[in-house]
Amino acid sequence: AQKVTQTQTSISVMEKTTVTMDCVYETQDSSYFLFWYKQTASGEIVFLIRQDSYKKENATVGHYSLNFQKPKSSIGLIITATQIEDSAVYFCAMRTIYGGSGNKLIFGTGTLLSVKP
Amino acid sequence: EAAVTQSPRSKVAVTGGKVTLSCHQTNNHDYMYWYRQDTGHGLRLIHYSYVADSTEKGDIPDGYKASRPSQENFSLILELASLSQTAVYFCASSAGTGGTGQLYFGEGSKLTVL
């Protein structure tokens, strides 16, 4: 079975610090894509960053980076120098290429990040 | 300019009534999806489509139908709305299977069934 698990329901940090959000996944496929999305207070869902399973280098976009540990089936999201506007719900998601799931994304339950001044 | 637009953005329906949520995309994407969001469950896939005039069941299709009359349009239909279908519904699109599968979401439609 394919599954994405985010165990951290909520995290609270002080502004300008670094935060890591955890995500573990289950898949039988040898090739897959992992995503992080952000849902703002208005409800908008936006794509943040992607990790391709065949790449060893951790993806980085702006102040977002990933900690991809393939042997542990783990893909953590790291936000450095957090800002108030980073307060949102963060979703981890996985897309598998094979295994009959087609072009579908499976989502975790999300982590609510609160950044305090 | 929003590439995935949903209507209505908010709707109150009565139990047993029919509800249609519409989605339009200008991304020229093959795939379109309907997800449901509930607190504590994240986003769950209801139906999806990879070509016009064809739809596929997702993970929670019971109580929902879908229609894809064209590449740009994808509707979610609740023939007999129930209280348990109160939720926020998101439409999304993505490129074909040759792409990464990245989703582009609409703004969401909040449905309240009374």
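A few points on the structure. (Residues numbered from 1 in each chain as written. Chains lettered and ligands numbered in written order. Predicted model: local features only at pLDDT ≥ 70, side-chain atom pairs only at ≥ 80, totals over all residues. Heavy atoms only, no water.)

1. Overview of the interface of chain A and chain B
Then step 1. Residue-level contacts link 16 residues of chain A with 22 residues of chain B.
Then step 2. Summing the contributions of chain A and of chain B, the shared interface buries around 1,600 Å²; its carbon and sulfur component is 55%.
Then step 3. Linking chain A to chain B there are zero salt bridges.
Then step 4. Taken together, chain A and chain B are joined by three residue pairs in polar contact (both at pLDDT 80 or more).
Then step 5. Contributing elements (two or more residues each) for the side of chain A that touches chain B: β5 (32-39), β6 (45-52), β10 (88-96) and β11 (105-107) of chain A.
Then step 6. For the side of chain A that touches chain B, a count of residues per class yields eight nonpolar, five polar and three charged. (Contact = heavy atoms within 4.5 Å. Buried area = accessible area lost by both parts, 1.4 Å probe. Salt bridge = Lys/Arg side-chain N within 4 Å of Asp/Glu carboxyl O. Polar contact = N/O pair within 3.5 Å; in protein donor to acceptor, adjacent residues only side chain to side chain. Helix = DSSP H or I, 4+ residues; strand = E, 2+ residues; numbered from the N terminus. Nonpolar A, V, L, I, M, F, W, Y, C, P; charged D, E, K, R; others polar.)

2. Observations regarding the environment of T18 of chain A
Residues and elements named next belong to chain A.
Then step 1. Here T18 shows up in the loop between β2 (10-14) and β3 (19-21).
Then step 2. Put simply, T18 and Q83 are 65 residues apart on the chain and 9.9 Å apart in space, counted from C-alpha to C-alpha.
Then step 3. Once residues lying within four places of it in the same chain are set aside, the contact partners of T18 are I78, I79, T80 and A81.

3. Topic: the sheet that holds strand β3 (residues 19-25) of chain B
Through backbone hydrogen bonds, the strands of a sheet pair up, either in parallel or in antiparallel fashion.
All names here are of chain B.
Then step 1. Reading across the sheet, the four strands line up as β1-β3-β8-β7 and stay open at both edges, with antiparallel pairing between neighbours. Of all the strands in the sheet, the pair left with one neighbour each is β1 (4-7) and β7 (65-67). Here the average twist between neighbouring strands, direction ignored, is 20 degrees. (Pairing = 2+ DSSP bridges. Axes fitted to C-alpha atoms, helices over the stretch in contact; angles between N-to-C directions.)

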